[in-house]
Number of protein chains: 2
Amino acid sequence: MSPAGAPPVTDAFGAIAHPVRRSLVTALAGGDKPVNELAAVVPVSRPAVSQHLAVLRGVGLVSEQRHGRERRYHLHPERLDEVRKWMHTLDRFWDDRLDRLARHLEENP
Amino acid sequence: MSPAGAPPVTDAFGAIAHPVRRSLVTALAGGDKPVNELAAVVPVSRPAVSQHLAVLRGVGLVSEQRHGRERRYHLHPERLDEVRKWMHTLDRFWDDRLDRLARHLEENP
DNA sequence: TTGACACGTTAGATTTTCCTTACGTATAGT
DNA sequence: ACTATACGTAAGGAAAATCTAACGTGTCAA
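Residues numbered from 1 in each chain as written. Chains lettered and ligands numbered in written order. Predicted model: local features only at pLDDT ≥ 70, side-chain atom pairs only at ≥ 80, totals over all residues.

(A) Spatial organisation of the protein's contact with DNA strand D. Among the 36 residues in the neighbourhood of DNA strand D, the closest are listed as A:Ala4, A:Pro34, A:Asn36, B:Gly5 and B:Gly68. Elements supplying a minimum of two residues to the surface near DNA strand D: α3 (35-39), α4 (46-59) and β3 (70-75) of chain A together with α4 (46-59) of chain B. A class-by-class count of the residues in the surface near DNA strand D yields 20 nonpolar, 11 polar and 5 charged. (Near = placed C-beta within 6 Å. Helix = DSSP H or I, 4+ residues; strand = E, 2+ residues; numbered from the N terminus. Nonpolar A, V, L, I, M, F, W, Y, C, P; charged D, E, K, R; others polar.)

Take a look at the structure:
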């Protein structure tokens, strides 16, 4: 009934799935930067960078601030907590399994 | 000259970008499981689950072990270190910026 | 052997990504 | 006013993802 297609990028996971977008985020971690400076770091055209920045903005990972004719982009690292939280959940599962193993070994000499 | 398209998923970042794949990984964090059990956790058909598992296997996040007519899937969490490392790199940038700020405040009363 | 079960794989349709090349808009400088 | 700069956006197309339905393969059980 419902064939499907590639899912749209709606969260931080999808946002950092693309190498170019990761480079942009990494660059912005070092401080706010205008588009031209960001475009220089990455192997795609400037419009492509604009589109990637639009995706990052749509997810809330960056915001723009007009500064004369430049637009400085600013990173919001707290939006990555979504990812951190998920990874941490996995760790908790992992710890639980270690606990069960330890208890098992303790009860079986 | 070189139009383009969506990039294939070749690393852990792309692997965890899909919600269904994240659910599968989370389920496997609780222990090895056969496909039917995994398919019960997720809102897509069993063949779709097989395809997602193929993606995860291609990235090295899971491996299969034949067990009679079942195939139990096993998680390899260390493949997620790629993600952890990148996030940690961001933290380091962040710390550096805090350091510079602290030094600045120290030198400017 | 016959049948049910567990699973992978193929075929096909649809959606979205992601690029480049034009073009449009606003600001700064002369 | 005119020009260059900085950026976004629209148009167009190729590549890949992602689903379901149908089919194929191997294993257990009676």
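Having put the structure on the table, let's press on.
(B) Representation of the sheet that holds β3(A). Residues and elements named next belong to chain A. Taken in spatial order, the 3 strands make up an open sheet running β1-β3-β2, and their pairing is antiparallel. In this open sheet, the two strands that pair with only one neighbour each are β1 (33-34) and β2 (62-67). Relative to β3, β2 is paired through 6 bridges, and the arrangement is antiparallel. Bridged to Ser63 within β3 is His74. Sitting on the sheet, helix α2 (residues 19-29) is in contact with β1, β2 and β3, with an inclination near 90 degrees to β3. Its contacts with the sheet place α4 against β2 and β3, and it is angled at close to 115 degrees to β2. (Pairing = 2+ DSSP bridges. Contact = placed C-beta atoms within 7 Å. Axes fitted to C-alpha atoms, helices over the stretch in contact; angles between N-to-C directions.)

(C) Summary view of the environment of A:Leu53. All names here are of chain A. With respect to the secondary-structure elements, Leu53 resides in helix α4. Residue Leu53 is classed as buried on the basis of its 21 C-beta neighbours within 10 Å. Taking the C-alpha atoms as reference, Leu53 lies 9.8 Å from Leu38; in sequence the two are 15 residues apart. Filtering out sequence-adjacent residues up to four positions away, Leu53 remains in contact with Leu24, Val62 and Tyr73. (Buried ≥ 20, exposed ≤ 12 C-beta atoms within 10 Å, placed from the backbone.)

(D) Representation of the pairing of β3(A) within the structure. Residue and element names in this part refer to chain A. Note that β1 and β3 share 2 bridges and pair antiparallel. Among the inter-strand pairings, Lys33 is bridged to a residue of β3, identified as Tyr73. Where β2 hands over to β3, the hairpin turn is made up of 2 residues, of which Gly68 adopts a positive phi near 65 degrees.

(E) Summary view of the relation of the copies chain B and chain A. Laying chain B over chain A is done by rotating through 180 degrees and shifting 0.0 Å along the axis; what remains is an RMSD of 0.1 Å. The superposition operator between the copies reduces to a two-fold rotation axis. Across chain B, the smallest distance between a C-alpha and the rotation axis is recorded for B:Ala17, namely 3.1 Å. Of the residues that chain B buries at the interface, 95% are likewise interface residues in chain A, meaning the two copies contact each other through the same surface. (Least-squares fit on C-alpha atoms with pLDDT ≥ 70 in both.)

(F) Structural detail: helix α5 (residues 81-107) of chain A. Between its first and last C-alpha atoms α5(A) spans 38 Å; for 27 residues at 1.5 Å apiece the expected length is 39 Å, and the two agree. With 1 of 27 residues buried, α5(A) lies mostly on the surface of the structure. (Expected span 1.5 Å × (residues − 1).)

(G) Spatial organisation of the interface of chain B and chain A. The interface is formed by 22 residues belonging to chain B together with 22 residues belonging to chain A. At the level of secondary structure, the elements contributing two or more residues to the side of chain B that touches chain A comprise α1 (12-15), α2 (19-29) and α5 (81-107) of chain B.

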